[in-house]
Structures are given as structure tokens and as C-alpha cells.
Amino acid sequence: MHEEFETVRVAFDEEQGLATLTLNRPDSLNAMNGQMRKDIESGLDLLTEHDEAADGVAVRAVVIEGTGDRAFCAGADITGFSGVSPAAFEPHSMRDSIIEFPAPVIAKIHGYCLGGGLELALACDFRIASESSRLGFPEVDLGLLPGAGGVQYVARLASPSFAKELAMTGEHISAERAASEGVLNHVYSDANIDAEVDAFVETLAAKPPLAIRAVKDSGNVAAETGLHEGRKYDRRIFSTLLQTDDHEEGARAFAEDDYEPEFNGR
């Protein structure tokens, strides 16, 4: 399946269950504007509809990447700020659509990943970057702060002190430093990142999809609630997973060395 939106391309490999959502404004370094936010949501909605129509789980993972070799997303398109009222600036719907998407979403970062682009990556479950990537929050130089919760989420991944440093200085930091602070999951050479991301998503796609979705939800609950509520959630979902076909497949494969499980998300 291939679908073209105004600023985003969506491709879905039905056999593998893997989708790619490509930010497609290369002339502006894939800068984020209102249309791109809408197109990202529309692309995820399209994949959700495809998933819901399937017998079992169709979409196993989604990779978000940028067109060209210069930028994942260089930030917000500030030309679109002129005349926009604060009430009209609403990036959180896009962010929520990524967080709430049932399958894992991976940000494949190369080049610049700044401002709204970094906030987009932070909404994803995993962030994998090439070693030449540069990350940062330059909003301070416009008299602003990251408007989609960027400081909040970096503070949770790294520390409040690091989040404040990143947003106060506007510095573009290396992928290596971002990884050392906990903002990135992995950093690979520019030559190897394609193969490494492919291997990572294939690993996820081979796992029981209902368990993968439950782990994603559990992690999101952990980020938003206390330990007590999180443990209650995990106990409830664990009981549900015990009754699935995927659990039976996994248990059989564990017991029989020569049995290759097929997980269908049922």
C-alpha cells in the first residue's frame, strides 16, 4: 500500500506488517507546518483503519523518517507563525496520535532534528539516529519554548537540568551526547543506520504483537501515573494476554525446540 498526502508519504508492506511514514518537504528540510501535522495524523489513521479491518494484527511497527539526507525535521516552519493565534496552535493532537497508535513507532533520525522535529521524535516509542545527526531546541532564540511539551519529555527521559540546558541554550547537540543523556535509544554510523533500523523493526515485527502493544501501553502508563496504578494495569493486561492464541503459540515454541511460532495478534 502506498498513499501520498500533501507533505507525507505512507508505505505499508502487508507481508511484513511494517509501515514507513516519510516527511516530504525536502526543500524546507522537512520543516513542520500545520499541514504536515494533519498529514501525519491522516497517515496513522489510514494504518489504523487497515489494522482494524484485518483478522488479527496487521501493522507491527511504523518508522517515521525524513526525505533527503539533510534533515529528519529541522523544526517548525516559522513562516507559518505569522498571524496565527495561540488558540490555533495545537500540536498535541499529532503527538497523541503517535503515542496512542497501537504498534511501536520508531523515529529514524538523520541530519537535523530540531524544535518541533525533536518533539515529533520524542513522541515516538524509540529514537534511532545516525552519528552525524544534530538535535536541539532553538525556540529560545525566537523568544519561545518548545510548544509541544519538549522540555517535559526530555526531563523525563534525561533530567530536568539537561532539559533546561537544551532549551535555554538552543544548542545543537551531537547524537552521541543525546544518547548518553538517554534521549536516543541507539546511534549508528551514517552508512549502517538503514540496515540497523531495518533489523530493529524486523525484530519487533517477529514478536507477539498483542504483547508488544501491551508493553507499549504499560510504558505509557508508567510515564503518566504512579507505580501503584501501573502495577494494577500490568496485572489486568497480563491476565488478558494469558487467554490469547499468541500466548499459546509462544508456550508451545518454548516447550518444543523444533516448533516455529506464528504470531497473528489473536
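Structure first, text after, so check above.
What you see is a predicted model, and the numbers here were worked out from it, not measured in a lab.

Participant: Go over the overall build of the protein, please, and point to the residues and values.
Facilitator: Counting secondary structure elements, the protein contains 10 helices and 11 strands. Relative to its length of 266 residues, the protein is compact, with a C-alpha radius of gyration of 19 Å against a globular reference of 18 Å. In terms of principal-axis extent, the alpha carbons of the protein reach across some 60 × 40 × 40 Å. Buried positions account for 42% of the 266 residues belonging to the protein. Taken as a whole, the protein presents about 13,600 Å² of accessible surface, with 50% of it coming from carbon and sulfur. Mean positive and mean negative side-chain charge positions of the protein (22 and 47 charges, respectively) differ by 7 Å.

Participant: So what about the nonpolar core? Which residues, and what values?
Facilitator: Of all hydrophobic cores here, the largest spans 46 residues; its most connected members are Leu21, Leu23, Ile40, Ile64, Phe72, Ile98 and Leu120. At 5 residues, the largest contribution of residues to this core is made by helix α3 (residues 116-123). Residue contacts for Leu23: discarding those within four places in its chain leaves Thr7, Val8, Asn30, Met36, Ile40, Ile64, Glu65, Gly66, Thr67, Phe72, Cys73 and Leu120. With 11 residues, the next largest nonpolar core counts Ile128, Ile193, Val201 and Leu204 among its residues.

Participant: Describe the pairing of strand β8 (residues 126-130), naming the residues involved and giving the relevant values.
Facilitator: Along β8, 4 of the 5 residues are buried, which leaves the element largely enclosed by surrounding structure. In terms of strand pairing, strand β6 (residues 105-109) meets β8 through 4 bridges, oriented parallel. Bridging from a neighbouring strand, Ala107 pairs with Arg127 of β8.

Participant: I'd like a rundown of helix α2 (residues 92-99), residues and numbers included.
Facilitator: For α2, the complete set of buried residues consists of Met94, Arg95, Ser97 and Ile98. Looking down the long axis of α2, one finds its buried residues gathered within 160° of arc, a one-sided arrangement. Close packing links the buried residues of α2 with α1 (34-52), β4 (61-66), β6, α3, α4 (150-157) and α8 (209-224).

Participant: Describe a nonpolar patch on the surface, listing the residues and the values that go with them.
Facilitator: Among the surface-exposed residues, Ile78, Leu142 and Leu144 lie close enough to one another that they form a single nonpolar patch of about 280 Å² accessible area. Locating Leu144 in the fold gives a position in the loop between β9 (134-136) and α4.

Participant: So, the pairing of β4: which residues are in play, and what are the values?
Facilitator: Most of β4 is tucked away: 6 of the 6 residues are buried. Side chains of β4 alternate between two faces, with Ala61, Val63 and Glu65 and Val62, Ile64 and Gly66 buried alike. Where strand β3 (residues 18-23) and β4 come together, 6 bridges link them in parallel fashion. Each residue of the ladder has a partner; that of Ala19, found in β4, is Val62. Considered for its hand, the β-α-β crossover made up of β3, α1 and β4 is right-handed. Of the pairings in the sheet, the one linking β4 to β6 comprises 3 bridges and is parallel in character. The residue bridging Val62 from the neighbouring strand is Val105, located in β6.

Participant: A description of unusual backbone geometry should follow, citing residues and the corresponding values.
Facilitator: You will see that Leu29, though not glycine, has its phi angle at about 55°, which is positive. Considering the arrangement of structural elements, one finds Leu29 in the loop between β3 and α1. In the Ramachandran plot, Asn30 falls in the positive-phi region, its phi being about 55° despite a non-glycine side chain. Examined against the element boundaries, Asn30 turns out to sit in the loop between β3 and α1.

Participant: Can you explain the sheet that holds strand β2 (residues 8-13)? Please cite residues and give values.
Facilitator: Reading across the sheet, the 7 strands line up as β1-β2-β3-β4-β6-β8-β11 and stay open at both edges, with mixed pairing between neighbours. Two strands close off the open sheet at either side, each with one partner strand: β1 (2-4) and β11 (186-188). Between one strand axis and the next, the sheet turns through 15° on average, direction left out of account. Of the pairings in the sheet, the one linking β1 to β2 comprises 3 bridges and is antiparallel in character. The partner of Glu4 across the bridge, within β2, is Arg9.

The rules behind these values
- Residues numbered from 1 in each chain as written.
- Predicted model: local features only at pLDDT ≥ 70, side-chain atom pairs only at ≥ 80, totals over all residues.
- Heavy atoms only, no water.
- Helix = DSSP H or I, 4+ residues; strand = E, 2+ residues; numbered from the N terminus.
- Rg over C-alpha atoms; globule rule 2.2 N^0.38 Å.
- Buried < 20%, exposed > 50% of the residue type's maximum accessible area, 1.4 Å probe, protein only.
- Areas by Shrake-Rupley, 256 points an atom, 1.4 Å probe, with all protein chains shown as cover.
- Lys, Arg positive; Asp, Glu negative; His and termini not counted.
- Charge placed at Lys NZ, Arg CZ, Asp CG, Glu CD.
- Core = buried A, V, L, I, M, F, W, Y, C linked by side-chain atoms within 4.5 Å.
- Contact = heavy atoms within 4.5 Å.
- Pairing = 2+ DSSP bridges.
- Arc of directions from axis to C-beta.
- Patch = residues over 30% accessible without salt bridge, like charges linked within 9 Å, V, L, I, M, F, W, Y side chains within 5 Å.
- Salt bridge = Lys/Arg side-chain N within 4 Å of Asp/Glu carboxyl O.
- Right-handed = clockwise from strand over helix to strand, strands pointing away.
- Axes fitted to C-alpha atoms, helices over the stretch in contact; angles between N-to-C directions.

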